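Here are the chains, one letter per residue:
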Amino acid sequence: MLREKGYGGIVDGAWEVQLDGTPLSGLKTGTFVFVDRPHGPRQLTATEAAFPGVTKHDITVQSGQTYFFVARTSKRKNALMATAAGTGGGILGLALGTAFTWGYDNPGPIDFFPLDDAAARTTIAELKLGE
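Computed from a prediction, not measured in an experiment: that's the story for all the values here. (Residues numbered from 1 in each chain as written. Predicted model: local features only at pLDDT ≥ 70, side-chain atom pairs only at ≥ 80, totals over all residues. Heavy atoms only, no water.)

Some details on the confidence of the model for the protein chain
For the protein chain, the mean per-residue pLDDT works out to 87, and 84% of the residues sit at or above 70. Within the protein chain, the element-level pLDDT minimum falls on helix α2 (residues 90–101), averaging 62, and the maximum on strand β5 (residues 40–47), averaging 97. (pLDDT = per-residue confidence, 0-100. Helix = DSSP H or I, 4+ residues; strand = E, 2+ residues; numbered from the N terminus.)

Looking at the nonpolar core
One finds M1, V17, L44, A71, I110 and F112 to be the most contacted residues of the largest nonpolar core, which totals 15 residues. Mapped by element, the contributors of at least two residues to this core are β2 (16–19), β5, β6 (55–61), β7 (68–73) and β8 (110–115). When neighbours within four sequence positions are excluded, L44 is seen to be in contact with M1, Q18, L19, L24, T55, K56, H57, F69 and F112. The next biggest cluster of nonpolar side chains, apart from the first, holds 7 residues, and it includes V70, A120, I124 and L127. (Core = buried A, V, L, I, M, F, W, Y, C linked by side-chain atoms within 4.5 Å. Buried < 20%, exposed > 50% of the residue type's maximum accessible area, 1.4 Å probe, protein only. Contact = heavy atoms within 4.5 Å.)

Focus on the environment of R3
With respect to the helices and strands, the residue R3 is situated in strand β1 (residues 2–3). In the structure, R3 is positioned 127 residues away from G130 in sequence and 9.7 Å away in space, judged by C-alpha atoms. R3 has contacts with D12, G13, W15, L27, K28, T29, G30, T31, A71 and L127, leaving out every residue within four places of it along the chain. Of note is the side chain of R3, whose polar atom sits 3.1 Å from the backbone oxygen of L27. (Polar contact = N/O pair within 3.5 Å; in protein donor to acceptor, adjacent residues only side chain to side chain.)

Below is the structure:
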């Protein structure tokens, strides 16, 4: 799992990403994290404090394969932030944003996008291992 380089904001906290409920700690801007798991069905999830939804992404892992994903802010989170900014924030902004975005495909804060091997390895070479 990687998070591309870029401006992480004033406070660039690690995203709360899990694989089968086990945290993949240290996923900040410009970092990657990894874990080795046996074959079978797996679930990537992401949560965020005070965010009204959970990202869930199911995958089936084959033996001997490496899977790469890039994590990005979800469309829903971007829409919620825009709505909150447009309404001055606060409880009203959160309530309106939640109502306007409830039907999004991913109700959570992060989208996971699979990367092909070559693109992932090129990108990871420029990143740091998450702590």
